Amino acid sequence: MTLDSQENSATFSTSFFIEHDQVTGLIYTLTSTDGTSNAAAAALAKFRTILDKYLECPTLLDPYLESMVTTLSMSARGIIHEMFLSQNNIDANDERNNDVTVDERHYQNNYGIEFIDKVHTLLHLLSAIYALSKVRGRKFIQKLLPHEVSDVEPVLAMLRWFGWLDSLSVNHDDLNNDNEDNVMQLLKRIQQQQENSMESPKIWESMYSLLNWLGIISLVPFDLHTIDSTLGGTGSNENETSITLVQSILTTSASHLNDSGPTREAAAACLASLLSRPDLEQSELEGFVTWSARMMQWFRTGIFHEINIPAYEVTMMTTVLPMPQKQPSVFLVMGILQTLATIFKSGHRSNLLSTQQKLHGIELLWEQSILIAEGSIGSMLLRKLLVKLFGRIGCAYLPPRVAAWRYQRGRRSLLENLMSSGVSVLEQTDATCTVKELSGTTPDNKYELFLIPDQVEDAMGQLLRSLTDPSTIVRWSSAKGIGRLTERLPAICADDVLDALLQTCSDPERDRNWHGACLCLAELARRGLLLPNRLEEIVPIVVKAIGYDIRRGQHSVGAHVRDAACYTCWAFARAYSPEVLQPHVKELSVALVLASLFDREVNCRRAASAAFQESVGRQGADNFKHGIAILTAADYFSLGNRTDAYLNIAQVIAKFEEYQKPILHHLSEAKLHHWDGELRSLTSQSLARVSSLDPLYCANKILPKLLDQSFNDDIAVRHGSLLGAAEVILALGKLDLVNDVSVVSGQLKTSIVDLVPRIEKARLYRGRGGEIMRYASCRMIECVSLANIQMAVKQQVRLLDSIDACLAHPNEDIQLAAARAVKALLTNYFPVSNKGPSQRLQGRVVDKYVSIVKTEDNPAATRGFTLALGSLPSKLLAPSNQVLDSVLECLCNASRKDCLVGGEGDAETRRNAIVSLVNVCQTVGIQNADEKDKNCIESSPISHLSKQQTLRVFHTLLDATEDYNMDRRGDVGSWSRISAMKGLETLAFLVVKSSTTYPHSTYKAPPNIHPVQPELLGEKLDAVRNQAGECLERLLTAESPRLPFVPHRRALLCALKLHGKAMNWSNPAVTFPMLMCAINIEGFLEPILSGTVISVGGLTESVSKSSTAALFEWIRGLTNNKATSKLIQMGEVFLALFRKNKRNGRVLMPLLATLDKLLTHGHLNVLLIMKNGEFIDNLLSSMAEEAKSCSDIKRLLAIVDVVLNILQPDVQNIGVLKEKALPFTMKMLLNQYPRVRKYTAEQLFAKLSVDGEGMFNSHQLIEEANQILFNTAWQDETDATGHISESRNRIADLLGVRLSKEELNAPLVKKALKSAPKDEFENYSSLINSTT
């Protein structure tokens, strides 16, 4: 390849690992010896953050991992070797060597700050290597670590020392005086960093990296005794007592098997790699296996037992592994099992089972493993490791070869499968070959039998039992183990395994059995162990598993089974040739399509789609009809939306004949009876859409069955069938086939009309599920009415009675469904003449509904019938102006914010009345304002809204925007405000369209409709603010029709930046800055400021913060531009809010909080220094009037804050402010509520302490006043001695407040107590006298 071609070749390395240069710099910081610890810690934290982003796709790092690992490991290697060599230079004759342990002897001398820095740098390097292992995997990183012979002893020594250091971090008593200062300084430094940052290096991360490193260097191709420094250059006596290198590695690694973290996995891998060495299997493996069996027996029984070990085996055990002081923990057993499983995976079968002593140890281990597995184990990971060990030991007893009888498809070319002509030459097992033929015993037969050891049978039994384990990972591990074992068995034995596997699916209620069986079938198919002749009995089980859904109470189980079944189908598609799978294609394709369309869980729908896609690609389009077209419509992303899959994609796929009938049957027989009510409703709509493709079949086969099942005992079946029947009837009605006798017979039509009365007669509305049956019945009446099925007047009235009963139901969904049903019923039935409806019909419907709304005390009834009034057709609403006036008057009164139902306010009634009022306007229409032909209007049987009626509706909606009623649910008045805003928008456009000069209408809407929207834009509730913004945006930008006579339209568009872009009006950070841009428009200051005040003083932090910042910015702009007139208008707005909302805490509390913020930040100083002092006088008088006879403690405290914040020491006329504000403060010191008095004294104390010198010239005066404020018990309930009054008077004298004689002699105002009504039987004697 030339240089030019290399430069132009495509590469992925620099495209995806975009942080490569940054990571390189971080690694340089970590490896820098002169870097500070803070810089290294920051670099390590950033290094981990970058790597964590690649956890989902770590292979993107592969081109750079070698350089990163090499740089980090070589720096760590240099430090380790330097420290190891420094220790070896210590005098070998040191007297302390005989009194300390090996761990303490290493690195215990005081190397000072340099030593600590080296250890600290090494911790960062090894932690960085662990971060790479976490992302890319331990095995991959292990291959990139240095593995030279000279690294074995230094790495081992450092690992032992880190282990000792980690134990010291828990127990400081193990320290000696010689090394206490050095080690404690290092430990304190590590612990301090860990406390300061969670990203600091951990000791266990360093041990993990060292164990991983030791696992690869222990495989050096030399005898470990030849590189053991303890065996060379020493006397024989010392050799007998010293610990060899092999023993040190074994004991050190085994000591970490009890760890609860990732170091256990690294230790197990290190032990397995060491014990798998050919030179150690003879001397160390038997001892480890026996020790493991002893630990497992101790863990199982809780009692330590000595295991009888033959004499010849004792001589082979050269290493004494550590024995725990107490019963082994579950972590130790898991570490042992993980080590053994790895040994039996990587070790050679000939070495593992070569001698009698090895077999004896494995038998002991096997016995303990089975006993533990058959006991009660709570640890999921322990069960998984046991399953893995069973599979590995079972494979060790079998010949290491793949069974020759397995099915082999040969080359798997997608190109060959998709070719329409030609036959691919595949070498595969004969599909017709049976097990008997494969199990022949002739010498020439390659499928010979051989003796199967008992251990293999035990292993297979344990694996089959684990297929039903509660944990998914255990079942998956068991399935893989069965696949490995079966791959080495003769054909007849594998057939027995398959029979036992299929037997687990005999009980349909055990979902774990089905899930494990599906996983195992997929694993067997992948390995070619399912012969084609068994597919005939396997495929029906898999198809049944694809639709597995078992109901358990109020939910169901089976999603994991369906997902595993889809995986099994995916494995079938890859394992078998098209000729083998062709007889089963129809079953599999239908099941997969149904699952991909209608499964409740999105992961199952996507799994089925993936399996279907694999089948189409592997098996060819000839086998799977319309496969490409189906995959185009039902792809991965479109199936993510369940509604879209049910309503749109299903209708597309149902057009193919092969899937039409199965889809209809699945919807009507399975999904309509699903436990999830939402899914039943969605299924009914999907069934209606698909039924339009074959209406005759649905009318003759499906609809009669659904009508019968509407009386089923199961509520899910009953409800789903009723909904499905309703939607099918509506679909037939849209095709104009419902009155066709050839499609819908007369008997079937009678059953449809009488269905709802029969349900009521059967009392199916009672008990559990009665509400959803009512809803479904209303939907049935609506669909029957929309289909316009012929019925008698008596039947029509009977259905109307059913709707009336549902309108009074307290469930809101039922009321809405009943309102829709009454609209459909009265629109399509109950005809009226040119003279209008009969008096009987008018009284039965309109008069009755109006009377109920006016007089009924039941809130549920008023809610439902207000909705019904808005759903009536125009022929009943407006046969005359009198009737229309009565309906409008009823709804307008019901929508008033002071309207009561049964003596209490009802928010739902008010909201429904507003919605119905707008619906009436839309239904009836507005009288043409320019039409002069009165005769035409008088001759029409339907009246329209006159101008006076329209204005009345406008004013009603405007009044509703001021509904701020509250109850225990919160601001329920917001429901009315939102509905009113929608209604104002609808009515405004309706008025414009009614004009004869449309689109140049001359009609002028009420002038106050537009400021309402900006006022509501300042609301504290996101929903109200969002609705106000959307309505205002549509009113200003709509072109068809264009709303005329909008004041300052262009200025509003510019201020609110409405230029076609979507705005998030619910976001306060976006709304309030734009609102402050529109506040300067004429006529908008008062409404915008009135709404903003509520948000500024509100409790929602995000809204208050954004609105406050916007308001402050606007005021600063006015101050800088010296726009005093605007500031005066702002003050007038505040005073007007006081006058309009007396005793209204909803407005006054935010208003007081807003004033407090403005005064604190000095934004009202311009108003405070005005010469006439009008603003201050009016403000104080308003607050004084509000404080008078006020019982709201919080409001009184807020008033105190505002009054004291008026005293701003920086203003010029501070003397005038004192004369006006301090007398009010003196009154609050004698308030009737102790809490108010105490709070006033505290705030006055704080004010004098902070700003006293700016208001008064005498420091002694301030100190004396504060002393009185501090020492007086202001919270006393009574002032019997008059101390509180005297203290108040003294403070007034000190502060220069002139009090009248009445005020000076005024006693403490006592809280008025309500006298309880006297009970005539207030004591026992009264009760006795009354009886005598």
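Residues numbered from 1 in each chain as written. Predicted model: local features only at pLDDT ≥ 70, side-chain atom pairs only at ≥ 80, totals over all residues. Heavy atoms only, no water.

Considering a negative patch on the surface
So, step 1. Taken together, Glu374, Asp454, Glu457 and Asp458 make up a surface patch of like negative charges.
So, step 2. With 3 residues, the top contributor of residues to the negative patch is helix 24 (residues 454-466).
So, step 3. In this structure, Asp454 sits in helix 24.
So, step 4. Given a relative accessible area of 53%, Asp454 falls into the exposed group. (Patch = residues over 30% accessible without salt bridge, like charges linked within 9 Å, V, L, I, M, F, W, Y side chains within 5 Å. Areas by Shrake-Rupley, 256 points an atom, 1.4 Å probe, with all protein chains shown as cover. Salt bridge = Lys/Arg side-chain N within 4 Å of Asp/Glu carboxyl O. Lys, Arg positive; Asp, Glu negative; His and termini not counted. Charge placed at Lys NZ, Arg CZ, Asp CG, Glu CD. Helix = DSSP H or I, 4+ residues; strand = E, 2+ residues; numbered from the N terminus. Buried < 20%, exposed > 50% of the residue type's maximum accessible area, 1.4 Å probe, protein only.)

Side note on the nonpolar core
So, step 1. Judged by nonpolar contacts, the single largest core of 292 residues is most densely connected at Phe47, Phe162, Tyr576, Ile653, Ile663 and Tyr849.
So, step 2. It is helix 7 (residues 112-136) that contributes the most residues to this core, 13 residues altogether.
So, step 3. Beyond its immediate chain neighbours, meaning those up to four positions away, Tyr576 contacts Tyr407, Arg409, Ala525, Leu530, Leu535, Leu581 and Gln619.
So, step 4. Among the nonpolar cores identified, the runner-up in size contains 108 residues, and Met1076, Leu1118, Leu1197 and Leu1299 belong to it. (Core = buried A, V, L, I, M, F, W, Y, C linked by side-chain atoms within 4.5 Å. Contact = heavy atoms within 4.5 Å.)

Some points on unusual backbone geometry
So, step 1. Its identity as a non-glycine residue notwithstanding, Lys1122 has a phi of 55°, on the positive side.
So, step 2. Position of Lys1122 relative to the elements: it lies in the loop between helix 57 (1101-1120) and helix 58 (1124-1140).
So, step 3. Note on Lys1122: relative accessible area 70%, which makes it exposed.
So, step 4. Its identity as a non-glycine residue notwithstanding, Arg1143 has a phi of 65°, on the positive side.
So, step 5. For Arg1143, the position within the fold is in the loop between helix 58 and helix 59 (1145-1160).
So, step 6. Exposure remark for Arg1143: the relative accessible area of 41% places this residue in the partly exposed category.

Here we look at the environment of His120
So, step 1. In this fold, His120 is placed in helix 7.
So, step 2. Taking relative accessible area as the criterion, His120 reaches 3% and is therefore assigned buried.

With respect to the pattern of salt bridges
A side chain with one charge may pair with a side chain of the opposite charge, provided their charged atoms come close.
So, step 1. Applying the stated criterion across every chain, the model contains 55 salt bridges.
So, step 2. Between Glu537 and Arg534 there is a salt bridge, with the nearest N and O atoms lying 2.4 Å from each other.
So, step 3. Given the relative accessible area of 38%, Glu537 is considered partly exposed.
So, step 4. Between Arg1042 and Glu1039 there is a salt bridge, with its nearest N and O atoms 3.2 Å apart.
So, step 5. With a relative accessible area of 37%, Arg1042 lands in the partly exposed category.
So, step 6. Residues joined by salt bridges that share partners form a network here, namely Arg863, Asp906, Glu908, Asp967 and Arg969.

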